[in-house]
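Reading the structure
These are the residues of each chain, in order.
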Amino acid sequence: MTTDSGAPLRRSHVATEAPAAIPHDEYPYRSPQPPVVPSRTILDSAGELLRALAAPVRIAIVLQLRESPRCVHELVDTLGVTQPLISQHLRILKSAGVVRGERTGREVIYELVDEHLAHIVIDAVAHAEEG
């Protein structure tokens, strides 16, 4: 081999080291710092929130409300369950602070309190779909 000028190409006699192996972390999502344990009050609130989201019908309600605010009869039609059952699940979600309702005439329109709650449900559904 030659260089662009036609001179022979010299090989360097400097030994190259193999790159250091990257250690495999079996827990890639672990924080480098030990986690700060929240207060008992915060842990209790988080537990209540997760319990409120634990029923399949409530998960379906959250997914529907993620798309747009809905009234009870729309949820009944979409989810194929009875009106009393939808109302019962909405009461649980409302008391847990997941949804809020606003009366307009004879109907109450329900919506999610914030988008964080939808992400919890979406992540749980995606995880279940991965099997």
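Residues numbered from 1 in each chain as written. Predicted model: local features only at pLDDT ≥ 70, side-chain atom pairs only at ≥ 80, totals over all residues. Heavy atoms only, no water.

Naming follows an unreviewed UniProt entry, where the chain appears as Winged helix-turn-helix transcriptional regulator of Nocardia tengchongensis.

Turning our attention to the nonpolar core. Within the largest apolar cluster, 20 residues are counted, with the highest numbers of intra-cluster contacts made by I61, I86, L90, V98 and V99. Secondary-structure elements contributing two or more residues to this core are α2 (56-67), α3 (72-79), α4 (83-95), β3 (107-112) and α5 (115-130). Excluding anything up to four places from it in sequence, V98 contacts L49, L53, V62, L93, E111, L112, V113 and L117. (Core = buried A, V, L, I, M, F, W, Y, C linked by side-chain atoms within 4.5 Å. Buried < 20%, exposed > 50% of the residue type's maximum accessible area, 1.4 Å probe, protein only. Helix = DSSP H or I, 4+ residues; strand = E, 2+ residues; numbered from the N terminus. Contact = heavy atoms within 4.5 Å.)

Time to look at the side chain of R58. Among the structural elements, R58 can be located in helix α2. Although R58 lies buried, it forms no salt bridge, and the closest oppositely charged side chain, E48, sits 9.5 Å away as judged by the N-O distance. Not counting chain neighbours up to four residues away, the residues in contact with R58 comprise R51, A52, H89, I92 and L93. (Lys, Arg positive; Asp, Glu negative; His and termini not counted. Salt bridge = Lys/Arg side-chain N within 4 Å of Asp/Glu carboxyl O.)

This paragraph deals with the pattern of salt bridges. This structure, assessed with the given rule, holds five salt bridges. The closest approach of N and O atoms between D44 and R40, which form a salt bridge, is 3.2 Å. Here R40 and D44 lie together in helix α1 (residues 40-52), a separation of four residues that amounts to about one turn. Under the relative-accessibility criterion, D44 is labelled partly exposed at 38%.

Judged by pairing direction, the sheet is antiparallel, and its three strands sit side by side in the order β1-β3-β2 without closing on themselves. Strands at the two margins of the open sheet, each flanked by one partner only, are β1 (70-71) and β2 (99-104). Bridge count for β1 against β3 is two bridges, and the pairing is antiparallel. Bridge pairing in β3 places C71 opposite I109. Packed onto the sheet, α2 meets β1, β2 and β3 and runs at close to 90° relative to β3. (Pairing = 2+ DSSP bridges. Axes fitted to C-alpha atoms, helices over the stretch in contact; angles between N-to-C directions.)

What follows deals with the pairing of β3. Here β3 shows one buried face, formed by V108, Y110 and L112, and one open face, formed by E107, I109 and E111. In the sheet, β2 pairs with β3 via six bridges, with the strands oriented antiparallel. Looking across to β3, one finds that R100 is bridged to E111. Taking the residues that link successive antiparallel strands as the turn, the β2-β3 hairpin has two residues, and the phi of G105 there is positive, at about 70°.

Another point: the environment of Q64. Mapping Q64 onto the fold places it in helix α2. Along the chain, Q64 and A118 lie 54 residues apart, while their C-alpha atoms are 9.7 Å from each other. Setting aside its immediate chain neighbours within four residues, Q64 contacts R70, L75, T78 and L79. At 2.4 Å, the side chain of Q64 forms a polar contact with the side chain of R70. (Polar contact = N/O pair within 3.5 Å; in protein donor to acceptor, adjacent residues only side chain to side chain.)

A rise of 1.5 Å per residue sets the reference length of α5, with its 16 residues, at 22 Å; its end C-alpha atoms lie 23 Å apart and thus fit the reference within 8%. Among all positions of α5, only L117, A118 and V121 are buried. Viewed along the axis of α5, the buried residues span an arc of 100°, placing them on a single side of the element. Pointing more than 90 degrees away from the buried face of α5 are the exposed residues H116, D123, H127 and E130. In this fold, the buried residues of α5 make contact with α1, α2 and β3. The opening residue of α5 is D114, an N-cap whose side-chain oxygen sits 3.0 Å from the backbone nitrogen of H116. Count one or two residues on from α5 and you reach G131, which has phi positive near 75°. (Expected span 1.5 Å × (residues − 1). Arc of directions from axis to C-beta.)

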